[in-house]
Amino acid sequence: MPTMIKVNGKPREVDVPDEKPLLWVLREDLGYLGPKFGCGAGLCGACTVHLDGQAVRSCITPINAVGSGQVTTIEGVSANPVGKRVSEAWTEIDVPQCGYCQAGQIMSAVALLESNPSPTDEDIDSAMAGNLCRCGTYHRIRDAIRKAASQKTAGGADVR
Amino acid sequence: MSVDTRALAADRRLVIKAMLATGGALAFDIEIAMAQASQPAAARSAGIAASRISAYVAIAADNTVTITAKNPEIGQGVKAMLPMLIAEELDVAWDAVKVEQAVADQSRFGEQFAGGSMSTPMNWMPMRQAGATARAMIVAAAARQWSVPATEITTAKGEIFHARTNRRAPYASLAATAAKEAVPAEASLKLKDPATFSIIGRPVPGPDTPAIVAGKPLFGVDTVLPGLVHAALLTAPVRGATLKSHDPKQALAMAGVRKVVVLRQLGHDDAPVDALAVVADSWWTASEARKALVAEWDNAGRDKHSDATFAAAASAAFAAKPATSVRKEGDVDAALAKAAKTVSAQYSYPFLSHATLEPQNCTAQFKDGKIELWAPSQMPNEGKELVAKAMGLPVGAVTVNLTRIGGGFGRRLQSDFMILAAAIAREVPGLPVKLILEREEDFKLDFFRPAGFQKLEAGLDAQGRLTAFRTHLVGFGAKGEPGRGSELPNDLVPANLVPDAELGLTLLESNIPLGWLRAPGSNALAFATQGFLDEVAAAAGKPLPEFMLETLGESRLVQPPKLPGVPDIWQPPAFHTGRAAGVIREVMARSGWRGAAPKGRGFGFYFSHLGYFAVVADCVKSGDTVKVAKMWVAADIGSTVINPMNAEQQIRGSMIEGIGQVISGLKVPIAAGQVQVANFDAYTLPRIDVVPPIEITMVRTDFPPTGLGEPALPPAVAAVANAISSLTGRRVRSLPYEA
Ligand code: FES
Ligand code: FES
């Protein structure tokens with residue numbers, strides 16, 4: 001039965017089995033190729049998207065659990081101010097190596113800063129520990145999160 | 001229109017064609033043919049065959065410069081590095097340079113590979129010469145047009161200047177005449193003084209970074225084509241087992257499933273597999289249907305292999321002489337007999353997986369007797385040939401498109417996934433089919449870093465100096481030939497530094513296929529030899545870095561024994577003791593290492609892929625396990641670090657991989673012929689919370705620059721293991737460390 005989901009602010013109709021994971025609905029049915037398949041089991045974070053602002057592993061989120069929630073993917077995340085800051089910090093610091101994990105990393109980082117605008121180093125490590133980077137870009141991930149956070153806190157408001 | 005072609009060097013032939021392209025652009029076609037015999041030994045050890053390097057540079061009417069980068073990008077930074085070399089000598093502003101990934105044009109680009117940390121040593125001079133040649137032609141055109149001597153002309157940021165007459169012009173304005181200039185001879189080229197470099201040595205971000213951050217489709221798994229269908233693969237639990245019988249009924253009954261394809265004996269010659277592939281309208285459907293497949297496999301004795309049988313075979317081998325001698329000098333038995341002290345120990349390490357985050361995948365389309373592939377391959381050309389062979393097609397009927405690659409580490413030097421995808425595509429003619437391996441299959445179908453066992457012995461004289469060294473490596477291979485990464489080099493440090501030395505090798509057979517993993521061979525040999533030397537140094541009452549300096553002796557080139565029947569150019573490189581000592585001293589100074597090290601501090605040195613690296617690691621207790629608190633790296637990769645922004649990433653990545661191999665518990669256990677890891681819960685790659693601050697120092701020496709993707713890893717493994725030994729007081733002789 002066709003259902004409606006909201007992706008990056010747009011309503012989209014899909015007609016897929018209830019248990020099809022959000023990751024594959026996004027990638028195959030809706031053409032959002034940013035979220036990546038890494039493990040299919042919630043272990044690597046490559047597929048991370050936001051559901052109502054929370055970071056979720058889309059590979060283990062069946063489409064029928066999405067309901068009327070707002071889905072945000074890497075393609076849409078820089079439409080919000082925190083997402084934009086994080087993406088810019090990511091580019092300036094040149095975080096990626098192979099780049100495969102990076103969409104998931106950015107989505108986890110944005111979710112962290114949305115709920116905790118000035119994270120400590122421990123906060124960063126614990127929020128990001130679900131996202132594997134096989135290439136080992138972890139130092140720059142930390143740097144980019146700190147940079148995006150400092151831009152938020154510098155003037156107390158949303159400065160860039 | 002091609003106006004001139006000229007070879008610039010004999011065995012590394014640089015051919016440049018200049019032409020006026022559409023829209024008035026000045027275009028240079030650059031090709032460097034590497035004669036088979038002139039390839040560096042490290043290329044051979046990474047399994048790289050003949051090579052042709054090419055690039056394409058176009059200066060458009062608006063003076064922007066497009067440089068086509070042709071090698072696969074696996075996160076090693078080659079997509080920025082090669083164009084930087086050209087742009088520097090062409091003397092254009094980096095901001096005006098656009099880097100494009102090469103299109104799949106094999107007739108133009110020839111071999112396209114990523115491996116062996118070879119891009120830098122192979123391209124350093126030729127790519128600079130190419131840029132300088134193009135610049136010289138533009139200068140000659142300006143001299144002609146302005147009727148001034150070429151020697152009075154200067155260039156900067158894509159512009160020509162003549163100071164005396166106060167004239168300037170953008171390169172692009174000279175396109176029509178520059179294309180007609182003769183290509184200058186190599187001898188007449190003047191390369192820049194490195195002191196004046198404005199691009200080389202500056203931090204340059206990855207050209208794809210903005211696209212990656214925006215989530216743009218770049219990778220193999222992102223390939224989308226009209227009419228695309230999807231495939232999931234089921235292989236035997238026991239690697240190499242053949243398909244006895246199967247029942248696809250349940251899978252075929254599922255909505256969206258199109259076909260179940262039986263694949264027999266496909267993949268690499270040394271590790272063919274039988275498999276079932278489900279083809280469906282969606283990959284998720286294919287993956288669900290895969291679970292419904294019923295299959296029976298014939299193990300044919302392959303299930304007799306396990307970690308326990310390997311360990312028992314190694315013990316038996318240690319009781320006898322090695323099957324082959326790799327090096328034998330002097331008389332080790334006599335030297336040990338008269339030594340003031342002797343030390344002996346056994347070391348072992350497990351099979352490892354590459355575990356690239358992007359699983360192996362490939363898209364293939366079979367149409368009108370031709371196959372086209374979209375492949376994240378480190379060796380697309382070899383893959384093309386293997387596909388042609390497996391399909392019984394001429395090589396010309398196979399086209400390979402390159403995609404960005406979500407991690408290589410050597411896994412994608414094997415092109416088995418291309419063959420599997422092609423074979424599936426043949427069963428659905430006309431339709432493009434995208435094969436993505438489940439994570440479990442990706443582990444099962446890896447080509448593993450070989451496990452190994454070593455028995456090491458050393459002798460010390462009364463002053464605590466190393467006099468004799470022997471190791472017996474029990475590795476893996478077949479028919480007397482070591483498998484990939486299971487070789488024992490004849491110039492292993494410290495066997496090349498003492499008069500009495502023996503290196504011996506015994507090979508075990510198994511059903512587990514082997515592959516090159518980042519710094520193949522070296523990543524394990526460094527652990528065993530530097531770990532053992534840490535013990536020997538302790539017996540001598542010296543810290544390892546000081547013991548190493550003493551063992552290295554005076555600064556000199558140590559030539560490895562010649563490999564019989566191998567051309568000179570393919571012989572292993574000489575080892576420079578002075579460069580080794582240089583990085584050891586540097587890392588000692590940086591880490592403040594004086595005298596006996598504090599508890600928890602470890603050291604490792606290694607030379608591989610032409611790079612000299614020394615690492616110090618500090619470990620601390622963390623709950624009931626241990627943690628690396630800090631690392632220092634000193635590296636000598638020659639005169640120049642081409643892109644420091646990327647160099648830092650490569651070195652940090654290696655340090656983190658080293659931590660992973662020692663502390664994070666990385667291992668691929670084998671039981672009854674089966675790989676015992678299926679996903680990242682069992683294969684525990686290092687995560688952000690284990691990553692320490694890492695201080696890197698580049699030691700500059702007057703040697704041509706070499707690569708960075710691999711040589712930092714081996715000493716990292718050793719340093720972390722030695723740090724834990726120091727911290728716990730219990731010698732880490734087996735990886736991974738278990739508390
Ligand atoms: S693919 Fe979803 S967590 Fe790995
Ligand atoms: S950049 Fe390669 S996995 Fe993170």
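Fair warning: this is a prediction, and the values are worked out from it, not measured in the lab.

Asks: Help me out: how do you make sense of the side chain of His-50 of chain A in this one?
Replies: All names here are of chain A. Tracing the backbone through its elements, the reader meets His-50 in strand 3 (residues 48–51). A polar contact is formed between the side chain of His-50 and the backbone oxygen of Met-107, at a distance of 2.7 Å. Excluding residues that lie within four positions of it along the chain, His-50 makes contacts with Ala-55, Gln-70, Val-71, Thr-72, Val-77, Met-107, Val-110 and Ala-111.

Asks: Help me out: how do you make sense of the pairing of strand 23 (residues 500–508) of chain B in this one?
Replies: Residues and elements named next belong to chain B. Counting buried residues in strand 23 gives eight out of nine residues, a clear majority hidden from the surface. The pairing of strand 14 (residues 324–329) with strand 23 spans five bridges and is antiparallel. Opposite Lys-328, over in strand 23, you have Glu-502 as the bridge partner. Pairing of strand 21 (residues 466–478) with strand 23 involves nine bridges; the strand directions are parallel. Bridging across to strand 23, Val-474 finds its partner in Thr-506.

Asks: When you look at the interface of chain A and chain B in this model, what are you seeing that I'm missing?
Replies: By a widespread convention, an interface's size corresponds to the accessible area lost as its parts come together. Counting residues at the interface gives 49 residues for chain A, matched by 57 residues for chain B. Both sides of the chain A and chain B interface together cover about 4,300 Å² of buried area, and 62% of this is carbon and sulfur. Counting across the interface, chain A meets chain B through four salt bridges. For the salt bridge of Arg-27 of chain A with Asp-222 of chain B, the shortest nitrogen-to-oxygen distance reads 3.0 Å. For the side of chain A that touches chain B, the secondary-structure elements that each account for two or more residues are helix 1 (22–29), helix 2 (74–77), helix 3 (81–93), helix 4 (102–115), helix 5 (121–128) and helix 6 (138–154) of chain A. Residue composition of the side of chain A that touches chain B, grouped by class: 25 nonpolar, 12 polar and 12 charged.

Asks: Looking at this model, I keep getting lost on the sheet that holds strand 12 (residues 271–280) of chain B. Mind explaining?
Replies: Hydrogen bonding along the main chain pairs the strands of a sheet, whether they run parallel or antiparallel. Residue and element names in this part refer to chain B. With respect to topology, seven strands assemble into an open sheet ordered 11-12-9-19-16-17-18, the strand pairing being mixed. At either end of the open sheet lies a strand with only one pairing partner, and these are strand 11 (257–268) and strand 18 (398–402). Strand-to-strand twist in this sheet, taken as the mean axis angle between neighbours without regard to direction, amounts to 25°. Taken together, the six bridges between strand 9 (residues 229–235) and strand 12 define a ladder with antiparallel strand orientation. Counterpart to Thr-235 in the pairing with strand 12 is Ala-275.

Asks: In this structure, what is going on with the domain arrangement of chain A? I would like to understand it.
Replies: Residues and elements named next belong to chain A. Domain annotation of chain A identifies domain 1 (3–72) and domain 2 (77–150). Here the C-alpha centroids of domain 1 and domain 2 sit 20 Å apart. At the junction of the two partners, domain 1 supplies 14 residues and domain 2 supplies 11 residues. Joining domain 1 to domain 2, the criterion identifies zero salt bridges. The interface formed by domain 1 and domain 2 contains four residue pairs in polar contact (both at pLDDT 80 or more). Counting only elements with at least two residues in the side of domain 1 that touches domain 2, the list comes to strand 3 and strand 4 (54–57). For the side of domain 1 that touches domain 2, the leading source of residues is strand 3, giving three residues. In terms of residue class, the side of domain 1 that touches domain 2 is made up of six nonpolar, six polar and two charged.

Asks: Is there a simple way to think about the pattern of salt bridges in this case?
Replies: Where charged atoms from two side chains of opposite charge approach closely, those side chains can pair. Residue and element names in this part refer to chain B. Within the structure shown, the criterion is met by 49 salt bridges over all chains. In this structure, Asp-461 engages Arg-465 in a salt bridge whose closest nitrogen and oxygen atoms are separated by 3.0 Å. For Arg-465, a relative accessible area of 39% corresponds to the partly exposed category. In this structure, a network of salt bridges that share partners links the residues Lys-328, Asp-333, Glu-457, Arg-470 and Glu-502.

What counts, and where the lines are drawn
- Residues numbered from 1 in each chain as written.
- Chains lettered and ligands numbered in written order.
- Predicted model: local features only at pLDDT ≥ 70, side-chain atom pairs only at ≥ 80, totals over all residues.
- Heavy atoms only, no water.
- Helix = DSSP H or I, 4+ residues; strand = E, 2+ residues; numbered from the N terminus.
- Polar contact = N/O pair within 3.5 Å; in protein donor to acceptor, adjacent residues only side chain to side chain.
- Contact = heavy atoms within 4.5 Å.
- Buried < 20%, exposed > 50% of the residue type's maximum accessible area, 1.4 Å probe, protein only.
- Pairing = 2+ DSSP bridges.
- Buried area = accessible area lost by both parts, 1.4 Å probe.
- Salt bridge = Lys/Arg side-chain N within 4 Å of Asp/Glu carboxyl O.
- Nonpolar A, V, L, I, M, F, W, Y, C, P; charged D, E, K, R; others polar.
- Axes fitted to C-alpha atoms, helices over the stretch in contact; angles between N-to-C directions.
- Domains from an automatic or database assignment.

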